[in-house]
Amino acid sequence: MNRIPLIDRAATTAERKALLNAVHGAFGTVPNMFRAVANSPAALSSMWSAFGALGGGVIPAKLGEQIAVAVADRNACEYCLAAHTALGRKAGASAEEMRHAQAGESADPKTQAALRFALKLVNERGQVGDADVQALRAVGFDNAEITEILAHVALNLFTNYVNIAFAVPVDFPAVKLRRAA
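Note that the coordinates shown come from a computational prediction; the quantities given were computed from them, not determined experimentally.

Let us now look at unusual backbone geometry. With phi around 50°, arginine 125 is a residue other than glycine that occupies positive phi space. Within the fold, arginine 125 resides in the loop between helix 7 (109-123) and helix 8 (130-138). The backbone of alanine 167 sits at a positive phi, close to 50°, despite the residue not being glycine. Tracing the backbone shows alanine 167 in the segment after helix 9 (143-165). Residue alanine 167 is classed as partly exposed on the basis of its relative accessible area, which comes to 25%.

Take a look at the structure:
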């Protein structure tokens, strides 16, 4: 059972309703995570703005979703694992690519480097070194892309923590955790 109310967009304040309507416009529904975060319009605005900004960034949506499932699995976030697996498929990733990404793996060297870096950020709480950043440059990532990989990790930590801490009910097709630490 969730630990915080899920806000109903039809029965809330105008500010929350406007934000939830934007989410509804993007998804055709309001996923439970956004309904939980809507308890704070400031938090919802921050989260929604971050999704929008990164969605318009230089990192392709497919890679963003692969990073998301790797981070979700590492943090044992069933909600984000389910949501981002579905979104990754929508972004063009195969089921196999998403399963591999969940384990922090990819047959593509560039994606593999991004996933390795993302998981090192999570595992080491941001304590990466020159060699870690250089490994990304060596496979062709530029400074904007490297910064966005970190931003994707940070946003996914936010969403993972929301869903885990508040026990948000999963409203996407379930995906089994693999390697959660």
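This part takes up the side chain of glutamine 112. Relative to the assigned elements, glutamine 112 resides in helix 7. With residues near it in sequence (within four places) discarded, glutamine 112 still touches Gly104, Glu105 and Ser106.

Let us now look at the state of the cysteines. Per the counting criterion, the structure on display carries zero disulfides. Summary of cysteine pairing: cysteine 77 is not part of a disulfide, and the nearest cysteine sulfur, belonging to cysteine 80, is at 3.5 Å. With a relative accessible area of 1%, cysteine 77 lands in the buried category.

The geometry of helix 5 (residues 78-90) relative to helix 9 is characterised by a closest axis approach of 8 Å and an angle of 125° between their N-to-C directions. By the angle between their axes, helix 5 is oblique relative to helix 9. Contact with helix 5, carried on its side by Tyr79, Cys80 and His84, involves Asn156, Thr159, Asn160 and Asn163 of helix 9 and no other residues of that element. When grouped by side-chain class, the residues that make up the contact of helix 5 with helix 9 number two nonpolar, five polar and no charged.

In this section: the nonpolar core. Ranked by size, the top nonpolar core spans 47 residues in total, and within it Phe34, Ile67, Phe141 and Ile149 carry the most contacts. Elements supplying a minimum of two residues to this core: helix 1 (14-27), helix 2 (32-37), helix 3 (41-55), helix 4 (61-74), helix 5, helix 6 (95-102), helix 7 and helix 9. The element that contributes the greatest number of residues to this core is helix 7, accounting for eight residues.

Applying the stated criterion across every chain yields a total of two salt bridges. Between lysine 62 and glutamate 97 there is a salt bridge, with its nearest N and O atoms 2.9 Å apart. Pair noted here: lysine 62 is in helix 4 and glutamate 97 is in helix 6, with a separation of 35 residues, a long-range link. For glutamate 97, a relative accessible area of 29% translates into the label partly exposed.

Parameters and conventions
Residues numbered from 1 in each chain as written. Predicted model: local features only at pLDDT ≥ 70, side-chain atom pairs only at ≥ 80, totals over all residues. Heavy atoms only, no water. Helix = DSSP H or I, 4+ residues; strand = E, 2+ residues; numbered from the N terminus. Buried < 20%, exposed > 50% of the residue type's maximum accessible area, 1.4 Å probe, protein only. Contact = heavy atoms within 4.5 Å. Disulfide = S-S within 2.5 Å. Axes fitted to C-alpha atoms, helices over the stretch in contact; angles between N-to-C directions. Parallel < 35°, antiparallel > 145°, perpendicular 65-115°, else oblique. Nonpolar A, V, L, I, M, F, W, Y, C, P; charged D, E, K, R; others polar. Core = buried A, V, L, I, M, F, W, Y, C linked by side-chain atoms within 4.5 Å. Salt bridge = Lys/Arg side-chain N within 4 Å of Asp/Glu carboxyl O.

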